[in-house]
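# Chains, contacts and geometry: an overview
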Amino acid sequence: MYSHPETNLKFYFNTLDRLNYDFNANFRHGNFISYIKYVKSDGKCGIINKPQYIQQGFKSKMDQTIHLGKVNVDLEFKEGEVIYLHEMENSSLKFTWEQLVAAVDTCGLYVNRKWTDTNNKYGVALLKCK
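Residues numbered from 1 in each chain as written. Predicted model: local features only at pLDDT ≥ 70, side-chain atom pairs only at ≥ 80, totals over all residues. Heavy atoms only, no water.

### Observations regarding the nonpolar core
The nonpolar side chains of a soluble globular protein tend to be buried with one another. One finds Tyr12, Phe13, Leu16, Ala25, Phe27, Phe32, Phe58, Ile66, Leu68, Phe77 and Ile83 forming the largest nonpolar core, which totals eleven residues. Breaking this core down by element, the ones donating at least two residues are helix 1 (9-23) and strand 5 (64-68). No other element matches helix 1, which puts three residues into this core. When near neighbours in sequence (up to four residues on either side) are disregarded, Leu68 contacts Phe23, Asn24, Ala25, Phe27, Val73 and Leu75. (Core = buried A, V, L, I, M, F, W, Y, C linked by side-chain atoms within 4.5 Å. Buried < 20%, exposed > 50% of the residue type's maximum accessible area, 1.4 Å probe, protein only. Helix = DSSP H or I, 4+ residues; strand = E, 2+ residues; numbered from the N terminus. Contact = heavy atoms within 4.5 Å.)

So this is what it looks like as structure tokens:
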């Protein structure tokens, strides 16, 4: 689990509310639980070696059918099946400083300055042209 599942639930459940409103659907909050996964890949994504990213969505608590009335479509969900909200593979990449330096180098840039938290987990970089 990447973060506590209750952190942004109201914000993320708004996705189901919007689907209900926009598509006359019948999603029920109580039939889903938050799904958050931090992924570390051994592969390569473009210029990034071993990309890291977050997948976020809802996991179905049961077998269920959701009807989208406006388009007359039924969506079948098995227990444990995930609806991904926005983070597909290699989206919203998380970089180590080494990965960032290597990536911007291929673009003709360099890290001129950086600011980080005390654990060096989060940061902001000022990039400049070489």
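### A short note on the environment of Phe27
Examined against the element boundaries, Phe27 turns out to sit in the loop between helix 1 and strand 1 (32-40). The buried category is assigned to Phe27, whose relative accessible area is 4%. Setting aside residues up to four positions removed in sequence, Phe27 forms contacts with Leu16, Leu19, Asn20, Phe32, Ile66, Leu68, Leu75, Phe77 and Ile83.

### A short note on the side chain of Ser60
Of note, Ser60 is situated in strand 4 (residues 52-60). Look at Ser60 and you get buried, because its relative accessible area is 2%. At a separation of 2.8 Å, a polar atom in the side chain of Ser60 contacts the side chain of Gln64. With residues near it in sequence (within four places) discarded, Ser60 still touches Asn31, Phe32, Phe77, Lys78, Glu79, Gly80 and Glu81. (Polar contact = N/O pair within 3.5 Å; in protein donor to acceptor, adjacent residues only side chain to side chain.)

### A word on a nonpolar patch on the surface
Together, Phe23, Val71 and Val73 line one region of the surface with nonpolar side chains, adding up to about 210 Å² of accessible area. Topologically, Val71 is positioned in the loop between strand 5 and strand 6 (73-77). (Patch = residues over 30% accessible without salt bridge, like charges linked within 9 Å, V, L, I, M, F, W, Y side chains within 5 Å. Areas by Shrake-Rupley, 256 points an atom, 1.4 Å probe, with all protein chains shown as cover. Salt bridge = Lys/Arg side-chain N within 4 Å of Asp/Glu carboxyl O.)

### As for the packing of aromatic side chains
On inspection of all chains with the given rule, the structure shows six aromatic pairs. Note on Phe32 and Phe58: the rings are 6.5 Å apart at their centroids and 65 degrees apart in plane angle, and the pair reads as edge-to-face. Here Phe58 lies in strand 4 and Phe32 lies in strand 1, a separation of 26 residues in the sequence. Judged by centre distance (6.1 Å) and plane angle (85 degrees), the rings of Tyr35 and Tyr84 are edge-to-face. Placement of the pair is Tyr35 in strand 1 and Tyr84 in strand 7 (residues 82-84), with a sequence separation of 49 residues. On the basis of relative accessibility, which here comes to 15%, the residue Tyr35 falls in the buried class. Taken together, the ring pairs connect Phe13, Phe27, Phe32, Phe58 and Phe77 into an aromatic cluster. (Phe/Tyr/Trp six-rings, centres within 6.5 Å; stacked < 30°, edge-to-face > 60°.)

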